[in-house]
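A look at the structure
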Amino acid sequence: MATRQDGERRRRRDPLGMGMALLTRLAGSTLMDRWGLRKPTERAAFQATRTGFRTLGAASRAFTAARKLAGPARLPAAPAGDLFDLTPTDDQRMMQQIAGEFAAEQLRPAAAEADARCQTPVGLLEKSAELGLTMIGVPEELGGAGSERSQVTNVLVAEALAHGDMGLAVACLAPAAVSTALTLWGDEHQQATYLPPFVGDDVPAAALAVLEPLPLFNAFELRTTARRDPGGGYLLNGVKSLVPLAADAELFVIAATAGSENALFVVESDTGGLTVEAEPAMGLRAAGMGRLVLDGVHLPATARLGDPAAYAECVALSRLGWCALAVGTAQAVLDHVIPYVNERHAFGEPISHRQAIAFAVADMGIELDGMRLVTYRAAARAARGLPFAREVALARRLCADRGMAIGNDGVQLLGGHGYVKEHPVQRWYRDLRAVGLMEGGVLV
């Protein structure tokens, strides 16, 4: 049973809902007509539903180091086999199966309403935390479940979750992006301070913020700046776009340019100068996307995460995560289209008997297998500690282009049904269009 404290927390983290409730109550009052405020209130309600509210970051828990670490804990590279083999291990298959069952039972049924409300359902993150998503990439000595680099496992899990719904998969994986970043690049103080909640019973909402609201955004030409202040810390200024769980997150890892280098910074959500704006988009609406506005956010020098090479690796691993999400969503499209074209009759026979339809479905399957192969190959090289930038670049290009094409073909093959919300293919198509432009958000 939900406690009063849980209710207060939900209201505090849902500024749009709380504001709309207040406006609705006012709109029903007879005092509105007496004071001549009816039309202004109605305009405010319209603007609120269209653009959302601007609010402070979610109230953050007190992140403190429970113990002192002698040094940062890192996961060793996965062992390399003698043969080129991308077959998942038994443990990886088990994780993939568990994630797939969760996606089918929890994500798929909730996806349509979450997309319409632009909000992750209350309680879903707690359920996803039970899968241990934030623990996969954390070493065992820090309370996690990782014994080696876990890019392959993370890719398999992301693919399985996206088969249920990409937007909700992003919401479930957003906290794991922060725990993975802290494991890969955090020092002993950062790991001791911020990682314990991610391996406990009350996993915080968190997000990796890289993308900025610019046309043709380049992840290596950031406009968000981190300038040194006289006290030895940093002052962050800029705007981050399409950040998952933005209004709920208690912790962010934010990308900014520090002098001539791009860097990552750990920022608690209640830090002064950080505000959140609603940012509903064409796709990924279920992830609760928002915009972070950084106006003179003061951080200590210890907030910087990793060395200069960490940022480039972060961008590559984030893009790999989006490739995995594209593979899972494209598989969902194909799994929906095949029975449809076999069951839909025209001129006395299934439309799949038409050669053009059959060839289009076959092409979708061929492209999907190519997307999956290059994504797995990039993940395997990353897990083994080998150079993987080229493989990620190939995977991202293929998954962005062909994933969007598979979504488009899915809509086309359903005809008029592909355009209506009764069928989920239109939502998957909108989500797949995000793969080519998203940066950050997820990290494998």
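Report follows, based on the coordinates. A quick note: this is a predicted structure, and the numbers were derived from the prediction, not measured.

Thresholds applied
- Residues numbered from 1 in each chain as written.
- Predicted model: local features only at pLDDT ≥ 70, side-chain atom pairs only at ≥ 80, totals over all residues.
- Heavy atoms only, no water.
- Helix = DSSP H or I, 4+ residues; strand = E, 2+ residues; numbered from the N terminus.
- Buried < 20%, exposed > 50% of the residue type's maximum accessible area, 1.4 Å probe, protein only.
- Contact = heavy atoms within 4.5 Å.
- Areas by Shrake-Rupley, 256 points an atom, 1.4 Å probe, with all protein chains shown as cover.
- Core = buried A, V, L, I, M, F, W, Y, C linked by side-chain atoms within 4.5 Å.
- Polar contact = N/O pair within 3.5 Å; in protein donor to acceptor, adjacent residues only side chain to side chain.
- Salt bridge = Lys/Arg side-chain N within 4 Å of Asp/Glu carboxyl O.
- 1 Å grid on protein atoms, 1.4 Å probe; cavity = no way out; pocket = protein on both sides within 12 Å on 5 of 7 lines; lining within 4 Å.
- Points joined across faces, edges and corners; volume = space filled by probe spheres on them.
- Nonpolar A, V, L, I, M, F, W, Y, C, P; charged D, E, K, R; others polar.
- Pairing = 2+ DSSP bridges.
- Axes fitted to C-alpha atoms, helices over the stretch in contact; angles between N-to-C directions.
- Parallel < 35°, antiparallel > 145°, perpendicular 65-115°, else oblique.
- Left-handed = near helix turned anticlockwise from the far one by under 90°.

1. Section: the overall build of the protein
Assigned secondary structure in the protein consists of 13 helices and 11 strands. Considering the protein as a whole, with its 444 residues, one finds that 52% of them fall into the buried category. In the protein, 78% of the contacts between residues at least 6 apart in sequence involve partners at least 24 apart. Summing over all exposed atoms, the protein offers an accessible surface of approximately 20,600 Å²; the carbon and sulfur share of this is 54%.

2. A few points about the nonpolar core
Most often, soluble globular proteins have nonpolar side chains that are buried together. The biggest cluster of nonpolar side chains holds 109 residues, and the ones touching the most others in it are Leu161, Val170, Trp185, Trp322 and Leu325. Residue contributions to this core peak at 20 residues, all from helix H10 (residues 308-343). Ranked by size, the runner-up nonpolar core spans 22 residues in total, among them Ala226, Leu236, Ile254 and Ala258.

3. Things to note about the environment of tyrosine 340
Inspection of the secondary structure assignment puts tyrosine 340 in helix H10. Assessed through its relative accessible area of 13%, tyrosine 340 is described here as buried. Spatially, the C-alpha atoms of tyrosine 340 and isoleucine 351 are 8.9 Å apart, while their sequence positions differ by 11 residues. When sequence neighbours within four positions are dropped, the list of residues in contact with tyrosine 340 reads Ile351, Leu413, Leu414, His417 and His423. Side-chain polar atoms of tyrosine 340 contact the side chain of histidine 417, separated by 2.9 Å.

4. Remarks on the pattern of salt bridges
The final tally for this structure, using the stated rule, is 18 salt bridges. Across the pair arginine 61 and aspartate 202 runs a salt bridge whose closest N-O atoms are separated by 3.6 Å. Here the residue arginine 61 occupies a position in the loop between strand S1 (54-56) and helix H5 (90-117), and aspartate 202 occupies one in the loop between helix H9 (188-194) and strand S2 (206-209), the gap between them amounting to 141 residues. Exposure remark for arginine 61: the relative accessible area of 24% places this residue in the partly exposed category. A residue is classified by how much of its surface remains accessible, and aspartate 202, at 40% relative accessible area, is partly exposed. We note a salt bridge from arginine 427 to aspartate 165, for which the minimum N-O separation is 3.0 Å.

5. What to know about empty space enclosed by the protein
All chains considered together, the criterion is met by 1 cavity of 30 Å³ or more. By volume, the largest cavity is sized at about 100 Å³. Lining the largest cavity, in full, are Leu133, Ile136, Asn154, Val157, Ala158, Leu173, Ala176, Thr180, Gly321, Val442, Leu443 and Val444. Those elements that provide at least two residues to the lining of the largest cavity are helix H7 (151-164) and helix H8 (166-185). Tallied by class, residues from the lining of the largest cavity come to 9 nonpolar, 3 polar and no charged.

6. Some points on the pairing of strand S8 (residues 290-299)
Regular strands have side chains that alternate between both faces of the sheet. Pairing of strand S4 (residues 234-243) with S8, which is carried by 8 bridges, proceeds in the antiparallel orientation. Bridge assignment links asparagine 237 to a residue of S8, and that residue is aspartate 295. Across 5 bridges, strand S7 (residues 274-278) lies against S8 in antiparallel orientation. Bridged to leucine 274 within S8 is leucine 294.

7. Comments concerning the side chain of threonine 271
Structurally, threonine 271 is set in the loop between strand S6 (261-268) and S7. At 2.7 Å, the side chain of threonine 271 and the backbone oxygen of glutamate 268 are in polar contact. For threonine 271, the residues in contact, after removing those within four places along its chain, are Val297, His298 and Leu299.

8. Here we look at the packing of H5 against H8
One way to put it is that H5 packs onto H8 with a least axis distance of 8 Å and a crossing angle of 115°. Between H5 and H8, the interaxial angle falls into the category roughly perpendicular. For the crossing formed where H5 meets H8, the hand is right-handed. Across the interface between the two elements, Phe102, Leu107, Ala110, Ala111 and Ala114 from H5 touch Leu168, Ala169 and Cys172 from H8. Its residues placed into classes, the contact of H5 with H8 shows 8 nonpolar, no polar and no charged.

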